[in-house]
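Structure assessment
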Amino acid sequence: MSIAKIMIDPGHGPGCVNGGPTGYLEHEGMWKLSGYLKTALERCGCEAALTRAESERPELTERGNKAAVLQLVTMMTESNAGGGRGAEAYYSVRQPENQGMAAELAEAASTVLGSPSRGAKTKRSTNDPSYDYYTVIGYAVATGCPKVFICENGFHDNTH
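Along each chain, residue indices are assigned from 1 in the same order as the chain's sequence is written. Only residues with pLDDT of at least 70 are given local features in this predicted model, and only at 80 or more are side-chain atom pairs given and counted; all residues enter the totals for whole chains, interfaces and linings. No hydrogens and no water enter the side-chain calculation; it runs on all heavy atoms of the structure.

1. Here's the deal with the pattern of salt bridges
In the sections that follow, a salt bridge refers to a side-chain nitrogen of Lys or Arg positioned within 4 Å of a carboxyl oxygen of Asp or Glu. Throughout the structure, instances matching the rule amount to four salt bridges. A salt bridge links Glu88 to Arg118, with the shortest nitrogen-to-oxygen separation between them at 2.7 Å. In this pair, Glu88 sits in strand β4 (residues 87-91) while Arg118 sits in strand β5 (residues 117-121), placing the two residues 30 residues apart along the sequence. Exposure categories follow from relative accessible area, calculated using a 1.4 Å probe and restricted to protein chains: below 20% of the type maximum is buried, above 50% is exposed, and the middle band is partly exposed. Using a relative accessible area of 2% as the deciding quantity, one classes Glu88 as buried. Accessibility expressed as a relative area gives 34% for Arg118, which makes it partly exposed. Sharing partners across several salt bridges, the network here consists of Glu88, Arg118 and Lys121. Counting from the N terminus, the helices are the DSSP runs of H or I reaching at least four residues and the strands are the DSSP runs of E reaching at least two.

The following block contains the structure:
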């Protein structure tokens, strides 16, 4: 049995203004969450790495390209905005076979957060609908990584 290898992308880096009404900043919250996730995965026997250091803010393309390092699963941690509530997981339009796993990720996050699951989703490029809207997903898929997800862990503009 091989060891699961997972690349975790903590999302936006320092200087990102995404925040909520409580003073929450997405780059700080997702850095912490990514660290907890990495530790938990390693405790379960997985090999886990992060796409950046806490003080770094690499480009989306660079973050996606780091999926080539481990070649199994890339998981981006984010928090959403727009007045909604709940957790959702995006998978690549080029990897429809990952819809079920994305749904499981959204359900697990919503259970932990005590919020609704918004399910598995894709978002197509407005330039070419056969590609992903999210640059980091597209670049990770282009490396050959067979499972790529963005997990939106709640809405940072919702106090609940």
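Picking up after the structure, the text goes on.
2. Notes on the environment of Tyr90
Within the secondary structure, Tyr90 is located in strand β4. Taking relative accessible area as the criterion, Tyr90 reaches 10% and is therefore assigned buried. For Tyr90 and Glu152, which are 62 residues apart along the polypeptide, the C-alpha to C-alpha distance reads 8.0 Å.

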